[in-house]
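Architecture and fold: a report
One-letter residues, chain by chain:
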Amino acid sequence: MVGAIAMTEPAAGSDLQGIKSTAMVQADGSFVLNGSKTYITNGWHSDLVIVVAKTNPAAGAKGTSLFLLEAGTPGFTKGKPLKKLGLKAQDTCELFFDNVRLPAEALLGGADMINKGFICLMEQLPWERLQIAIGAVAASLAAIGWTVDFVKQRQVFGQAVAAFQHTRFTLAELQTEVQIAQVFVDKCTELLLLDKLDTATASMAKYWCTDLQCKVMDACVQLHGGSGFMWEYPITRAYADARVQRIYGGTNEIMKEVITRGMGLMQ
Ligand SMILES: Cc1cc2nc3c(=O)[nH]c(=O)nc-3n(C[C@H](O)[C@H](O)[C@H](O)COP(=O)(O)OP(=O)(O)OC[C@H]3O[C@@H](n4cnc5c(N)ncnc54)[C@H](O)[C@@H]3O)c2cc1C
């Protein structure tokens, strides 16, 4: 089954507590789901969606639950895949819920988990953020590899682009920073396996590695010259794909808020 997780709504992204979708419990213990979601990865292809909805709208985050919703359930419709700058091999779409009837068993984790959806989401966020950081390091290494190949073969002024000290120093700096990122990500992976990766550390990895990824992509595009702007080159597609890494999974600004909270600077 293809899975998706539906949190974001047209009026609630960073401010997830502001979601408006509701799943109201009925006399027989079933739920009725109403609302909509947007920017949902795998939304179009999904067979099973975890939907974040308010079960007690007056209670804010403490009134949020998670539901399992299967494609084809009456009242559940999918919008067309949205047109994106990058990540074109992956679909992102809107989902609509119009009086969708969900059995009591659709509540993820069972009856004990009613109104505890936010806690579940928070517990899994470090892993999601680390996955994004791992992807950022892998993409950066690939970009440096493509660029090394390119600058060795591309001739200008009678010599390879690699022969310019500027090219070599740029690549040396990027390679160094990506190695530093790799060490940090490895450390975070170790902590994750020990169940000790906290939200602030995972947020540091997500923010710093994705900022670095975008810096690497930009420099590597530059070293490709005009070829770096042509879709047929992997560096161009990697440049487009990189941009969203600083946005989804919690924006990098939100990551910095989380880090400062861990430093005791904010409530
Ligand atoms: C390709 C793609 C795939 C996605 N996949 C999924 C998915 O599978 N499931 C899902 O639920 N969502 C998904 N999202 C949604 C994504 O998580 C949100 O877009 C993201 O969290 C930002 O929310 P927003 O778009 O509402 O931006 P907003 O929250 O409106 O933010 C706008 C700007 O304000 C800034 N900002 C917001 N709050 C603060 C603050 N407190 N301090 C400083 N600056 C702030 C943000 O950093 C940003 O720069 C996806 C998005 C994209 C683009």
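The structure displayed is predicted, hence computed values, not measured ones.

**Looking at the overall build of the protein**
- On a plain count of helices and strands, the protein comes out with five helices and nine strands.
- If you list the helices and strands of the protein from N to C, you get β-β-β-β-β-β-β-α-β-β-α-α-α-α.
- Viewed in the frame of its principal axes, the protein has a C-alpha envelope of about 80 × 45 × 30 Å.
- For the protein, the proportion of its 267 residues judged to be buried stands at 40%.
- Here the contacts in the protein between residues at least 6 apart in sequence split such that 70% fall between residues at least 24 apart.

**Here's the deal with the side chain of T201**
- Within the secondary structure, T201 sits in helix 3 (residues 199–224).
- The exposure class assigned to T201 is buried, which follows from its relative accessible area of 16%.
- Residues in contact with T201, not counting those within four places in the same chain, are F184 and C188.

**Some thoughts on the pairing of strand 3 (residues 31–41)**
- Direction of pairing for strand 2 (residues 22–25) relative to strand 3: antiparallel, over a ladder of four bridges. Across the sheet, residue M24 finds its bridge partner in strand 3, namely V32.
- Between strand 2 and strand 3, which follow one another and run antiparallel, lie five residues, and G29 among them has a positive phi close to 90°.
- One ladder, built from eight bridges, connects strand 3 with strand 7 (residues 92–102); its direction is antiparallel. Bridge pairing in strand 7 places V32 opposite R101.

**Examining the domain arrangement of the protein**
- We note that the domain assignment places domain 1 (3–113) and domain 2 (119–262) within the protein.
- Between domain 1 and domain 2, the C-alpha centre-to-centre distance is 31 Å.
- When the buried area of domain 1 at its contact with domain 2 is split by residue, S14, L85 and L87 rank highest and sum to 46% of it.
- Between domain 1 and domain 2 we count zero salt bridges in total.
- The interface formed by domain 1 and domain 2 holds one residue pair in polar contact (both at pLDDT 80 or more) in total.
- Residue classes in the side of domain 1 that touches domain 2 are distributed as eight nonpolar, two polar and one charged.

Conventions we followed
- Residues numbered from 1 in each chain as written.
- Predicted model: local features only at pLDDT ≥ 70, side-chain atom pairs only at ≥ 80, totals over all residues.
- Heavy atoms only, no water.
- Helix = DSSP H or I, 4+ residues; strand = E, 2+ residues; numbered from the N terminus.
- Buried < 20%, exposed > 50% of the residue type's maximum accessible area, 1.4 Å probe, protein only.
- Contact = heavy atoms within 4.5 Å.
- Pairing = 2+ DSSP bridges.
- Domains from an automatic or database assignment.
- Buried area = accessible area lost by both parts, 1.4 Å probe.
- Salt bridge = Lys/Arg side-chain N within 4 Å of Asp/Glu carboxyl O.
- Polar contact = N/O pair within 3.5 Å; in protein donor to acceptor, adjacent residues only side chain to side chain.
- Nonpolar A, V, L, I, M, F, W, Y, C, P; charged D, E, K, R; others polar.

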